[in-house]
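Listed here are the chains, written in short residue letters.
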Amino acid sequence: MCPVCFYDKMPDPPVDYNICPCCGTEFEHDDEVRTHEQLRDYWVSSGAKWFFREPPLFWNPWQQLVAAGVQLPYVATVTFAGTSTFGKVTAGGDEFIASVYPTTGEEVLGIAA
Amino acid sequence: MPTLKIIAACERVLFDQEGPVSVVNIFQRMNVQLQAAPLPDKAVFQSLWSVFTLWENDPKEVGQEFTQVIQVFAPDGSLFVENEWSFKNTDADSTQFKIRARFPTLPIWAEGDVIVRVRLKNIDAEQGSFRFAIRYLPRGEDAKPIEPTKA
């Protein structure tokens, strides 16, 4: 696994001038003068783009960082919203079966920070 | 061939040990409130969510294995993630098969509909789909208290 971007399918170990196809770090060269965290910050602040040719199917840099436990560089609050509903469900004539209660409107799921 | 009876994207699916299943918070719309700069390309929101599917078995197909394929399309139309799950009816008296596919993040890099499509592998037809909306709120609109992410 790349210790900079946490791409877990590096074809070669992150040593001996091998280059991560994801973030482009050349190991034992780039990380001679910068820490892995500094290199990661630079990669992230540059948009976390895939480095070599085309990225793998379903590759997502932010998902990759989330899986590694890295705090995402952007902040957004996501709330769960629905349409408030109220009604009575009946079968046949007026035979009452159940009520459908209004939702609370929105519930906070959490925050990505 | 099994028939898809229910598909729903939701916050979580609870499986009771005795068999019953509960689907919690079926998704309808996600409001995304930006806190600072615009979201970067391919931005995701870290929140575990699920897709629940309920298949009705054909008793004549006992022992035959099928593979459910779930594809999640981001609001910009791109394929975000794919999930496969094989299932087999081993009992002719068992009429249902319930599957929970879990995903760690939501695609929020664009506004629009997230579409979840379900098909059976090697069968060239969509069995069902479910959609929910991603909507951006301007900062300050519908402000809510913020809680930490629950993984």
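In this text the structure is predicted, and so the values were computed from the model without any measurement.

**Q** Explain the overall build of chain B here, please?
**A** Each helix and strand counted, chain B has 0 helices and 9 strands in total. Listing the helices and strands of chain B from first to last along the sequence gives β-β-β-β-β-β-β-β-β. The buried share of chain B, reckoned over its 151 residues, is 28%. Taking the intrachain contacts of chain B between residues at least 6 apart in sequence as the baseline, contacts between residues at least 24 apart amount to 69%.

**Q** What exactly am I supposed to notice about the sheet that holds strand β7 (residues 96-107) of chain B here?
**A** Through backbone hydrogen bonds, the strands of a sheet pair up, either in parallel or in antiparallel fashion. All names here are of chain B. Read across the open sheet, the 4 strands follow the order β2-β1-β4-β7; overall the sheet is antiparallel. Each having just a single partner strand, β2 (21-26) and β7 make up the two edges of the open sheet. Here the average twist between neighbouring strands, direction ignored, is 45°. Relative to β7, strand β4 (residues 44-56) is paired through 11 bridges, and the arrangement is antiparallel. Bridge assignment links Glu56 to a residue of β7, and that residue is Gln96.

**Q** How do you make sense of the environment of Leu106 of chain B when you look at a structure like this?
**A** All names here are of chain B. Tracing the backbone through its elements, the reader meets Leu106 in strand β7. Considering only alpha carbons, one finds Leu106 and Ser129, 23 residues apart in sequence, at a separation of 17 Å. Apart from residues lying up to four places away in sequence, Leu106 is in contact with Met30, Val44, Phe45, Ser47 and Trp49.

**Q** Help me understand the confidence of the model for chain A, please; the structure alone is not making it clear to me.
**A** Residues and elements named next belong to chain A. Confidence in the prediction for chain A averages 80 pLDDT; 72% of positions are at 70 or higher. At the level of individual helices and strands, chain A shows its lowest average pLDDT in strand β4 (residues 106-112), which scores 45, and its highest in helix α2 (residues 36-45), which scores 95. Per-residue pLDDT stays below 50 along residues 102-113; that stretch engages in 42 contacts with residues further than four places along the chain or on separate chains.

Reading the values: rules and limits
- Residues numbered from 1 in each chain as written.
- Chains lettered and ligands numbered in written order.
- Predicted model: local features only at pLDDT ≥ 70, side-chain atom pairs only at ≥ 80, totals over all residues.
- Helix = DSSP H or I, 4+ residues; strand = E, 2+ residues; numbered from the N terminus.
- Buried ≥ 20, exposed ≤ 12 C-beta atoms within 10 Å, placed from the backbone.
- Contact = placed C-beta atoms within 7 Å.
- Pairing = 2+ DSSP bridges.
- Axes fitted to C-alpha atoms, helices over the stretch in contact; angles between N-to-C directions.
- pLDDT = per-residue confidence, 0-100.

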